[in-house]
Amino acid sequence: MSGHTLIDLPELTRLLRECAGEEEGVDLDGDVLDTAFMELGYDSLALLQVIGCIQRDHGIELDEDAVAEAETPRALLDVINSAARDAEKLAA
Amino acid sequence: MTARAVVTGLGIVAPNGLGTEEYWAATLAGKSGLGPVTRFDAGRYPSRIAGEVPGFVPEEHIPSRLLPQTDHMTRLALTAAGWAVEDAAVDPAALDEYGMGVVTAASGGGVEYGQRELQNLWSRGKEYVSAYQSFAWFYAVNTGQISIRHKMRGPSGVLVTEQAGGLDTLGHARRHVRRGIPLVVSGGVDGALCPWGWVAQIATGRLSTADDPDRAYLPFTDEASGYVPGEGGAILLVEDAGAARARGAERIYGEIAGYAATFDPRPGSGRPPGLRRAVEEALADARMTAAEVDVVFADAAGVPELDRAEADTLTAVFGPYGVPVTAPKTMTGRLFGGGASLDVAAALLSLRDGVVPPTANVTAPADGLALDLVTGCAREARLRTALVLARGYGGFNAAMVVRRV
């Protein structure tokens, strides 16, 4: 069982906007999957806020070190969705 | 020779006007910004009148990234700081970032933000507390946000001396200029119009409980019954006069010519309050005599014994009815860390335009107070030098002399 995707890119960018606002001159709706968060205008505190919301609203726990190492949306989505799949497996 | 510190830019956010010219037009017209509290339900509190900044739409002034991380008063402060930089026609990107400092006055920090997040903590759990709470309610937050936004990495700080803070920051900015820093963003914007901030003010016992906005804050009168709190203030750009000239600054509002701060003796000591000493030392610092002062912007506590102490100080230094005295804060309320720097901004605008704004809603000083209080309408006068006084709850006194250059 591969499990479903808990959060996709549009959902992540929506949360980023909602939790931390949007940097002027950055198009979050563009091809940002491999753009570094720093380039998108998000620092570690902005990510902390977003990660906090995701953990709270989906009842999952994310590994702090893995989150800190995720420098792009693709890397962060991998951390989130693999943690969600692990949780699903555990529950199954 | 010691470097001269001059003011080259103003940014004003006040209950009777958003922006310098709007504030100044309202102030000269005696138009008050006091009214019933609308920002929260104050109906069950003994005090219900405040000075709220009107027409401030955060999205029009604050970048999206800063909205989730800023208290209302920080948004006002960032707006005022941006306007001050603009007014001075300074391009911070073109200057040495370590040659620009930020010194602002504060009291409780982002109290409204802090209250909201603490309510989230108690009622919903720690997962609902914003990560930005870590600094958004911090008392030093305005200095930090201004410094980050304008990339000013020079000597920076925060002064917490209640109402005296608006002068103490400008005094400290002058200190930095004298030590060789060309530019310091200074002054204060403050406010805590939320239940948590409100009860802290009520606890001082100095808040007016009158319900008529025009009768709630009447300093120096028989009807004085306390003060009205407000939000807002002014951010001032303080520069080394030589550096300002060198970059081609178009406008110099005036020089910070003299400054002194004193502390009151312990209650019950029998010794006099420190306000008079602050006035005398500020004049000495400016190498000026009392006769050279053209107008005084009073602290105007609105508490009878404090009003009398201030009036007695002015009479002792200037003689009975010896100098025009005014208190435009009757139109804004007392703005904590923001009030005295707004008074300095008003004093500089008075020097610019040769006109003293009135003390609103006051017709005459109480019997026994020998003050030439400017009431009714603005008074035109030849003005070269103004004295601004401020007292902070807990014994802080400060006096500042500003002078046309």
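As recorded by an unreviewed UniProt entry, chain B carries the name Actinorhodin polyketide putative beta-ketoacyl synthase 2 and is attributed to Streptomyces echinoruber. Recorded in UniProt for chain B, the comment headed Sequence similarities (unreviewed entry) runs: "Belongs to the thiolase-like superfamily. Beta-ketoacyl-ACP synthases family."

Looking up chain A in an unreviewed UniProt entry gives the name Actinorhodin polyketide synthase acyl carrier protein, with the organism given as Streptomyces echinoruber.

A. View of the overall build of chain B. For chain B, the helix and strand inventory stands at 12 helices and 16 strands. For 405 residues, the compact-globule formula gives about 22 Å, and the C-alpha radius of gyration of chain B, at 20 Å, lands near that figure. Taking the principal axes of its C-alpha atoms as reference, chain B extends roughly 60 × 55 × 40 Å. Across the 405 residues in chain B, those meeting the buried criterion constitute 61%. Taking contacts inside chain B between residues at least 6 apart in sequence as the whole, the part at least 24 apart equals 78%. When the accessible surface of chain B is split by element, carbon and sulfur atoms take 51% of a total near 15200 Å². Side chains of chain B give 37 positive and 44 negative charges; the mean places of these two sets differ by 5 Å.

B. Focus on the UniProt feature "domain: Ketosynthase family 3 (KS3)" (unreviewed entry) in chain B. The sites that carry the UniProt feature "domain: Ketosynthase family 3 (KS3)" (unreviewed entry) are, in the present numbering, residues 2-404 of chain B. Helix and strand shares over residues 2-404 of chain B are 31% and 21% respectively, and the end C-alpha atoms of the span are 18 Å apart.

C. Highlighting the domain arrangement of chain B. All names here are of chain B. When the domains of chain B are assigned, the result is domain 1 (5-246) and domain 2 (257-403). For domain 1 versus domain 2, the distance between C-alpha centres works out to 21 Å. Counting residues at the interface gives 64 residues for domain 1, matched by 62 residues for domain 2. The contact between domain 1 and domain 2 buries some 4800 Å² in all, and 66% of this surface belongs to carbon and sulfur atoms. The largest per-residue losses of area from domain 1 upon contact with domain 2 belong to Gln163, Leu167 and Phe220, which jointly make up 20% of the total buried on that side. Where domain 1 packs against domain 2, one counts 2 salt bridges. Of the charged contacts in the structure, one is a salt bridge between aspartate 285 and arginine 174, with a shortest N-O distance of 2.7 Å. Linking domain 1 to domain 2 there are 17 residue pairs in polar contact (both at pLDDT 80 or more).

D. Looking closely at the packing of aromatic side chains. Residue and element names in this part refer to chain B. All chains considered together, the criterion is met by 6 aromatic pairs over all chains. Between phenylalanine 40 and tyrosine 45, the ring centres sit 6.0 Å apart and the planes meet at 75°, which makes this aromatic pair edge-to-face. Their ring planes at 70° and their centres at 6.0 Å tell us that tyrosine 132 and phenylalanine 135 sit as a pair that is edge-to-face. Grouping aromatic residues by their ring pairs yields a cluster made of Phe40, Tyr45 and Trp198. The side chain of arginine 116 reaches across the aromatic face of tyrosine 113, ending 4.5 Å from its centre. Above the plane of the ring of tyrosine 227 lies arginine 334, whose end atom (NZ or CZ) is 5.7 Å from the centre.

E. Main features of the packing of helix α4 (residues 111-124) of chain B against helix α8 (residues 195-202) of chain B. All names here are of chain B. Put simply, α4 and α8 touch, their axes get as near as 8 Å, and they point 120° apart. Between α4 and α8, the crossing angle belongs to the class labelled oblique. Along the contact surface, α4 presents Val111, Gly114, Gln115 and Leu118, while α8 presents Pro195, Trp196 and Gly197. In terms of residue class, the contact of α4 with α8 is built from 4 nonpolar, 3 polar and no charged.

F. Structural view of the interface of chain B and chain A. Counting residues at the interface gives 12 residues for chain B, matched by 14 residues for chain A. Buried area between chain B and chain A, summed over both chains or domains, comes out near 1000 Å², and the portion from carbon and sulfur atoms is 54%. On the chain B side of the contact with chain A, Arg65(B), Ala131(B) and Tyr132(B) bury the most area, a combined 53% of that side's loss. Here Arg65(B) and Asp43(A) are joined by a salt bridge, their closest N and O atoms 3.6 Å apart. In this structure, the connection of chain B to chain A is made through 5 residue pairs in polar contact (both at pLDDT 80 or more). Its residues placed into classes, the side of chain B that touches chain A shows 7 nonpolar, 3 polar and 2 charged.

G. Representation of the pairing of strand β1 (residues 5-14) of chain B within the structure. Residue and element names in this part refer to chain B. Burial runs high along β1: 10 of the 10 residues are buried. The pairing of β1 with strand β8 (residues 232-240) spans 8 bridges and is antiparallel. From the neighbouring strand, glycine 9 faces β8, where its bridge partner is leucine 237. Pairing between β1 and strand β2 (residues 17-18): 2 bridges, direction antiparallel. From the neighbouring strand, valine 13 faces β2, where its bridge partner is leucine 18. As consecutive antiparallel partners, β1 and β2 are separated by 2 residues.

H. Quick look at unusual backbone geometry. Residues and elements named next belong to chain B. The backbone of lysine 151 shows a phi angle near 50°, a positive value even though the residue is not glycine. Here lysine 151 shows up in the loop between α6 (141-149) and β6 (156-159). Given the relative accessible area of 53%, lysine 151 is considered exposed. The backbone of phenylalanine 336 sits at a positive phi, close to 55°, despite the residue not being glycine. With respect to the element layout, phenylalanine 336 can be found in the loop between β11 (324-326) and α12 (339-353).

I. Spotlight on the environment of Tyr227(B). Residue and element names in this part refer to chain B. Note that tyrosine 227 resides in the loop between α8 and β8. For tyrosine 227, a relative accessible area of 5% gives the class buried. For the pair tyrosine 227 and serine 47, spaced 180 residues apart in the sequence, the C-alpha separation amounts to 9.9 Å. With residues up to four places along the chain from it excluded, the contact list for tyrosine 227 reads Gln201, Thr204, Arg206, Leu207, Ser208, Tyr217, Ala301 and Arg334.

The rules we used
Each chain carries its own residue numbering, running from 1 in the written order of its sequence. By the order in which they are written, chains take letters starting at A while ligands take numbers starting at 1. Local features in this predicted model are restricted to residues whose pLDDT is 70 or higher, and side-chain atom pairs enter the listing and the counts only when it is 80 or higher, whereas totals over whole chains, interfaces and linings include all residues. Excluding hydrogens and water, the side-chain values take into account all heavy atoms of the structure. UniProt positions are given in the numbering used here, feature names are shortened, and annotations may be inferred rather than shown by experiment. A helix here means a DSSP run of H or I that spans at least four residues, while a strand means a run of E at least two residues long, and both kinds are numbered starting from the N terminus. Each radius of gyration is computed over the set of C-alpha atoms, and the globule rule expresses the reference value as 2.2 Å times the number of residues to the power 0.38. Partly exposed describes any residue whose relative accessible area lies between the buried limit of under 20% and the exposed limit of over 50%, with all areas from a 1.4 Å probe on protein chains only and scaled to the type maximum. Should any heavy atoms of two residues lie within 4.5 Å, those residues are considered in contact. Only the protein chains shown count as cover for residues, with accessible areas throughout obtained via the Shrake-Rupley method and a probe of 1.4 Å. Asp and Glu count as negative and Lys and Arg as positive, but His and the ends of the chain are not part of the count. A charged residue contributes its charge at one atom only: NZ of Lys, CZ of Arg, CG of Asp or CD of Glu. Domain boundaries shown here were taken from an automatic or database domain assignment. When two parts are put together, the accessible area they lose, computed with a 1.4 Å probe and summed over both, is reported as buried area. Every case where a carboxyl oxygen of Asp or Glu lies within 4 Å of a side-chain nitrogen of Lys or Arg is listed as a salt bridge. N or O atoms within 3.5 Å of each other form a polar contact, as long as, within protein, one can give a hydrogen and the other can take it, and as long as residues adjacent in sequence are counted only when both atoms are side-chain atoms. Ring pairs shown here join Phe, Tyr and Trp side chains whose ring centres sit within 6.5 Å, with only the six-membered ring taken for Trp; geometry is labelled stacked below 30 degrees between planes, edge-to-face above 60, and tilted in between. Here, a charge over a ring means that NZ of Lys or CZ of Arg falls within 6 Å of the ring centre while also lying within 35 degrees of the ring normal. Angles shown run from 0 to 180 degrees and are taken between the N-to-C directions of axes, each axis being a line fitted to C-alpha atoms and, for helices, limited to the stretch in contact. For classification purposes, angles smaller than 35 degrees are called roughly parallel, those larger than 145 roughly antiparallel, those between 65 and 115 roughly perpendicular, and all remaining angles oblique. Residue polarity is assigned by list, with Asp, Glu, Lys and Arg as charged and Ala, Val, Leu, Ile, Met, Phe, Trp, Tyr, Cys and Pro as nonpolar; anything else, Gly included, falls into the polar class. Pairing between strands is defined by DSSP: at least two bridges between them are needed.

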